[in-house]
Amino acid sequence: MDSIDYDNRMFKLLNNRSHYQKSNKEEWNTLKEDIRKMLMLAKDDDILCEQEFSFMLNTDPLIPALYGLPKIHKDTRDPPMRPIVSCIGSLTEPLSKYVEVFLQPLVQKQKAYIKDTTSMIKKIEGLSFNPETQVLVTLDIEALYTNIPQDDTIEIMEHILSGDQQDMTDHQAFILECITVILKNNIFIYKDELFRQIKGTSMGATCAPSLACLYVSKFEDKHIYNITAPFYENISEWGRYIDDIFFIWTGDMETLNDFLTWLNCGDVNLKFTSHVSKNCVEFLDIIIKVTGGYLSVELYTKPTDRNSMLHFNSNHPASQKNNIPFGQFLRLRRNCTSMPDYDRHATILKEKFIERGYPKRMVRHAYKRAKYFNRETLFQPRDRTQKNQPIMFVTNFSQVSHQVKNIINRNWHLVADKTATPIPKPMFSFRRNRTIRNSLVHTYRDIPKTVQTTIDGNPLPTGTYPCSGCVNCASIIKGSKITANERSVNIKSFINCRTTNIIYLIQCPCQKSYVGETSREVRLRLNEHRSALRTNKTGAPLTEHWRIAGHTIDDLKWCGLERVIMSKRGGNVNDKRKKREQFFMSTLNSVRSGLNSREDWEKIIR
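Summary of the structure given here.

Rules of the game
- Residues numbered from 1 in each chain as written.
- Predicted model: local features only at pLDDT ≥ 70, side-chain atom pairs only at ≥ 80, totals over all residues.
- Heavy atoms only, no water.
- Helix = DSSP H or I, 4+ residues; strand = E, 2+ residues; numbered from the N terminus.
- Buried < 20%, exposed > 50% of the residue type's maximum accessible area, 1.4 Å probe, protein only.
- Contact = heavy atoms within 4.5 Å.
- Lys, Arg positive; Asp, Glu negative; His and termini not counted.
- Charge placed at Lys NZ, Arg CZ, Asp CG, Glu CD.
- Patch = residues over 30% accessible without salt bridge, like charges linked within 9 Å, V, L, I, M, F, W, Y side chains within 5 Å.
- Areas by Shrake-Rupley, 256 points an atom, 1.4 Å probe, with all protein chains shown as cover.
- Salt bridge = Lys/Arg side-chain N within 4 Å of Asp/Glu carboxyl O.
- Pairing = 2+ DSSP bridges.
- Axes fitted to C-alpha atoms, helices over the stretch in contact; angles between N-to-C directions.
- Expected span 1.5 Å × (residues − 1).

### Describing the overall build of the protein
Here's step 1: Within the protein, the secondary structure is distributed over 20 helices and 21 strands.
Here's step 2: When each of the 606 residues of the protein is scored for burial, the buried share is 42%.
Here's step 3: Long-range contacts, defined here as pairs at least 24 residues apart, represent 69% of the contacts in the protein between residues at least 6 apart.
Here's step 4: When the 85 positive and 68 negative side-chain charges of the protein are each reduced to one mean point, those points stand 10 Å apart.

Here it is as C-alpha cells:
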C-alpha cells in the first residue's frame, strides 16, 4: 500500500460525517481550559488530592494524531483500515488512565467476561458436546470501538457507577464527568487538519476497551442473560473477549439463523458476523474442537502470521534470548489439550526458532522441558503480591550492562553493612533502547512548511544575521557552518538577534565555546551574559573563564545554532529546546572541551 492509497483510505474514513466532523484549534484550546477548571473544582471539593491533580493536569499537551493499520488478516488485497488515535501525551490521556482504574473492576464482574486465552481454556476445555444437537459458534462485533454511541454509553456508565443508589456520590459523578469529556472530546489531527469524533470512542484511549465492554455487557444482559429472551434456552457457555464471542448453540440451524438475525436487530450500533461449525472454530489464539464428545483446544495461527521471533544475534540480554524458546513452548503446551497436537505444532515452532538463529540444542531442550511440564500449573493464577518488594535497578540495556550488574553485586555489602537490617541485593531490569523503527516510524509527521523567502522571493539564507538594531549585531559569527572545540555543525535555520526559541553558541578568543538556550529573543539573553561579564557576577556562566583568561566584553562572539519549531500537535516547547541544547552540547563537546559546566549538563538530563 503506497502513501497515496493510504491517504485516500484515511480521508474516505474521515469523510464519514456520522462519525467525524471538522474541528479547529479554538475548540482544542477551549477543551484545555475546561479540563483545567474541572480538575481545579474537583481538587477544591477534595475529590482529588494534590498528587492526583498534578497527574491529571497536562499543561503542555500534544494533540492526538490519527493513523490507520490495514487489517491484512481480513483481506490481503484490499484490507480495511483500523483507525487508531495516538493519545500519548494528550489532554485526556491522564483522565483516561484515572477512569480505567475504576472501570476495570466493573468489567471483570460482567457475566461474559473472558480475561485471556488461559481463562477461556479453563472455561470450555472438557465440556461435553453432542454434535447431533449442538454447534460451536463464534461472533465478531464489527468496528465496535467506532460504533458505540457516545450518549448511550454515558447513560449506561451512569447506571453502572450509581449501582443501586438513586444518587451518585461526588466521586462517582466526577468519574462520569471524566468519561463524558473523554468520549465527547476526541479531537485529533491528520494531515494538518483537526477532526472531532462524534460517534464511538478512540481506539488508543486507555479506557476505550472498558467502555466498549460495558456497553456490550448491557446489551448482553437484555438479549442473552434475560430469562425472558426468546432464545435464552438455546445458548450456553457464552463468553466474550472485548469484541470476540464464543458460545454453544443447542438446536437446529434454522433456529440459529433466526437468532443471529434477531441479534443483529437488537442494537443498530452492533453488527455481528458469525462462524458456525459442528467440529471446530477459531477463537483468540486457539482452535476449539470436538474430540470424542468433549471440547478440546489446540494452537491457532492466522494465515498471515510470519516468523517474527526475536533473532538470536540481536543485541538483547542473553537471559531473555535463552528464555524465549521455553516460554513459547510453554504457551504451546498450554494451548494444546493433547500431546500429539503439541508435538505437531512443536515441530513447526522448532523450525521457526532455527530459522532465527537459535542453537538446535537450546531449542530441543526447551521443547522437552515444556513437553513434560505439569500443564495444570500453567492455569494457576500467579501471586503478584509480594510482602517484601525488592529494590529494582532499571536501566537501558547495553554491551556493558552485565559489567554494571556485577560491580553492584560485588560491592553491595558496602551498602548493606551501613543499615540496621539486611538489604537483599537488587533485581536488575533492562529497558529496550531506541530502535531503527522508533527513529523512522512516527505517528505523525509535520507537513513541511513553505520555505521562507525575502521580499524578492528568494529563499532566506541559513546562518545568523544582524537585526541592525542592537549591540549584539557586531559580534555575530557569520556563516552557515560553525566550528567549535574542533567539531563542526551546519546551521540550517535563518536566525537574527530577535529570533526566539533558539539554541545559541558563545565563543571566546581562545576558541572555547558555550552552548545555551532561550525562549526569548536571543538578544535579551546575550545582554544578560554581557551584564554578568561586566559586573563579574559570581556563579554566572562564562564569568570565571573570562576573568582568568583576561577577556573583555568585546571578545564575546556568538551565533545561533538552531531555531526550535514546535510541531503543530503542540507539546512542551521548553522540554524540546533543552533536548536540542543537550544534543549540541554533546555534538560540539562543550562540556569536556568547552565552557559548559558539568552542572549545566546534569540539570538537563535529570
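### Overview of a nonpolar patch on the surface
Here's step 1: Together, Met392, Val394 and Met427 make up a nonpolar patch on the protein surface, roughly 270 Å² of accessible area in all.
Here's step 2: Examined against the element boundaries, Met392 turns out to sit in strand β13 (residues 392-396).

### Details of the side chain of Glu100
Here's step 1: Tracing the chain through its elements places Glu100 in helix α4 (residues 93-108).
Here's step 2: Buried charge without a salt bridge: Glu100, with Lys97 as the nearest opposite-charge side chain at an N-O distance of 12 Å.
Here's step 3: Setting aside anything within four residues of it in sequence, one finds Glu100 in contact with Pro105, Thr206, Cys207 and Ser210.

### Some thoughts on the pairing of strand β5 (residues 187-190)
Within a regular strand, the side chains alternate between the two sheet faces.
Here's step 1: Side chains of β5 alternate between two faces, with Ile187 and Ile189 and Phe188 and Tyr190 buried alike.
Here's step 2: Relative to strand β6 (residues 193-197), β5 runs antiparallel, the two sharing four bridges. Residue pairing in the sheet places Tyr190 in a bridge with Glu193 of β6.
Here's step 3: Turn length for the β5-β6 hairpin, with the two strands adjacent in sequence and antiparallel, is two residues, and the turn residue Lys191 shows positive phi of about 50°.

### Quick look at the sheet that holds strand β9 (residues 272-277)
Here's step 1: With respect to topology, four strands assemble into an open sheet ordered β7-β8-β4-β9, the strand pairing being antiparallel. Here the strands that pair on one side only, and so sit at the sheet edges, are β7 (235-241) and β9. Between one strand axis and the next, the sheet turns through 20° on average, direction left out of account.
Here's step 2: Where strand β4 (residues 134-141) lies against β9, six bridges are found, and the strand directions are antiparallel. Residue pairing for β9: Leu139 is matched across the bridge by Ser274.

### Quick word on helix α7 (residues 150-162)
Here's step 1: If you check α7, its first and last C-alpha atoms are 18 Å apart, about what 13 residues at 1.5 Å a residue would give, namely 18 Å.
Here's step 2: Of the surrounding elements, those touching the buried residues of α7 are α4, α8 (170-184), β6 and α9 (208-223).
Here's step 3: The first or second residue beyond α7 is Gly163, which carries a positive phi of 60°.

### Things to note about the sheet that holds strand β11 (residues 286-291)
Here's step 1: A sheet is described by the order of its strands in space; here three strands give the open sequence β10-β11-β12, paired in antiparallel fashion. Whereas interior strands pair on both sides, the edge strands pair on one side only; in this sheet they are β10 (280-283) and β12 (294-299). Along the sheet, successive strands turn relative to each other by an average axial angle of 30°, direction set aside.
Here's step 2: Along the sheet, helix α5 (residues 117-124) makes contact with β10, β11 and β12, crossing β11 at roughly 10°.
Here's step 3: Sheet strands touched by helix α12 (residues 339-355): β11 and β12. Its angle to β12, the strand with the most contacts, is close to 15°.

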